[in-house]
Amino acid sequence: KAEKAFRAAIDLKPTAAPAYVELGRLYIQRKEYDQGAAQFRKAADLRPTDASAWYELGVALAAGGKTGDAVEPLATAARLAPKDGDALRALARLHAEARQYDRALEAVDQAILRAPQSIVLRLDRADMMYAKGDVQGAQAEYRELVRRDPKLAPAYFRLGEIQLRAGDLPGAEAAFVD
């Protein structure tokens, strides 16, 4: 039903970018990523300055396994929405998944500049540092997160993991107990 309604809206006004976005979201809900990406591409082509259309396109491509193709739409969304860190966070995660940790950290650092109080972005940053092999930097970041929010379980858990992998059982136990 919803698909028919969106198609009818598009038939009435083929330049209605929001209808393509909504149809794309419907396809994504159905896990039909290629079809969703095609709709977001149409919306982005119709409104090239609409950051949300580019963001949705990048996310759809990444969800469909086309991570290399997702980079440019996400970078475009980040450029078009300089106060929004979501596209940069998604871009950072794509780079991290591809083990391009320097690029991932660059993107997450830019996102943090846009949202300096974001615990989620700082947690992502620490995770990326750890994945890159910067154990001390990751530990420092997790400790800072715990200092800011003493109830932040993921930071304690990750600190405990680091201590455990380093063979520091008392340190790991202290992190997990805190």
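Residues numbered from 1 in each chain as written. Predicted model: local features only at pLDDT ≥ 70, side-chain atom pairs only at ≥ 80, totals over all residues. Heavy atoms only, no water.

Things to note about helix α8 (residues 119–132)
Here comes step 1: With 14 residues, α8 ought to run about 20 Å at 1.5 Å a step, and its terminal C-alpha atoms sit 20 Å apart, in line with that.
Here comes step 2: By the burial criterion, the buried members of α8 are Leu 121, Arg 122, Leu 123, Asp 124, Arg 125, Ala 126, Met 128 and Met 129.
Here comes step 3: Tucked into the core, α8 has its buried residues touching α6 (86–97), α7 (101–114), α9 (135–148) and α10 (153–165).
Here comes step 4: Here α8 starts with a cap whose side-chain oxygen sits 3.1 Å from the backbone nitrogen of Leu 121, and that cap is Ser 118.
Here comes step 5: Of the residues one or two after α8, Gly 133 is the one with positive phi, at around 105 degrees. (Helix = DSSP H or I, 4+ residues; strand = E, 2+ residues; numbered from the N terminus. Expected span 1.5 Å × (residues − 1). Buried < 20%, exposed > 50% of the residue type's maximum accessible area, 1.4 Å probe, protein only. Contact = heavy atoms within 4.5 Å. Polar contact = N/O pair within 3.5 Å; in protein donor to acceptor, adjacent residues only side chain to side chain.)

Focus: the nonpolar core
Here comes step 1: Among the nonpolar cores identified, the biggest contains 52 residues, and Met 128, Tyr 142 and Ala 155 are the most heavily contacted of them.
Here comes step 2: Discounting chain neighbours no more than four positions away, the residues touching Tyr 142 are Leu 123, Ala 126, Asp 127, Tyr 130, Ala 155, Arg 158, Leu 159 and Ile 162. (Core = buried A, V, L, I, M, F, W, Y, C linked by side-chain atoms within 4.5 Å.)

Brief notes about the packing of helix α4 (residues 51–63) against helix α5 (residues 67–80)
Here comes step 1: Where α4 meets α5, the axes come as close as 7 Å, and the angle between the chain directions of the two elements is 160 degrees. By the criterion of interaxial angle, the relationship of α4 to α5 is roughly antiparallel. Crossing angle aside, the handedness with which α4 passes α5 is left-handed. From α4, Ala 51, Trp 54, Tyr 55, Leu 57, Gly 58, Val 59, Leu 61 and Ala 62 reach across to α5, where they touch Thr 67, Asp 69, Ala 70, Pro 73, Leu 74, Thr 76, Ala 77 and Leu 80.
Here comes step 2: Looking at the contact of α4 with α5, its residues break down into 12 nonpolar, three polar and one charged. (Axes fitted to C-alpha atoms, helices over the stretch in contact; angles between N-to-C directions. Parallel < 35°, antiparallel > 145°, perpendicular 65-115°, else oblique. Left-handed = near helix turned anticlockwise from the far one by under 90°. Nonpolar A, V, L, I, M, F, W, Y, C, P; charged D, E, K, R; others polar.)

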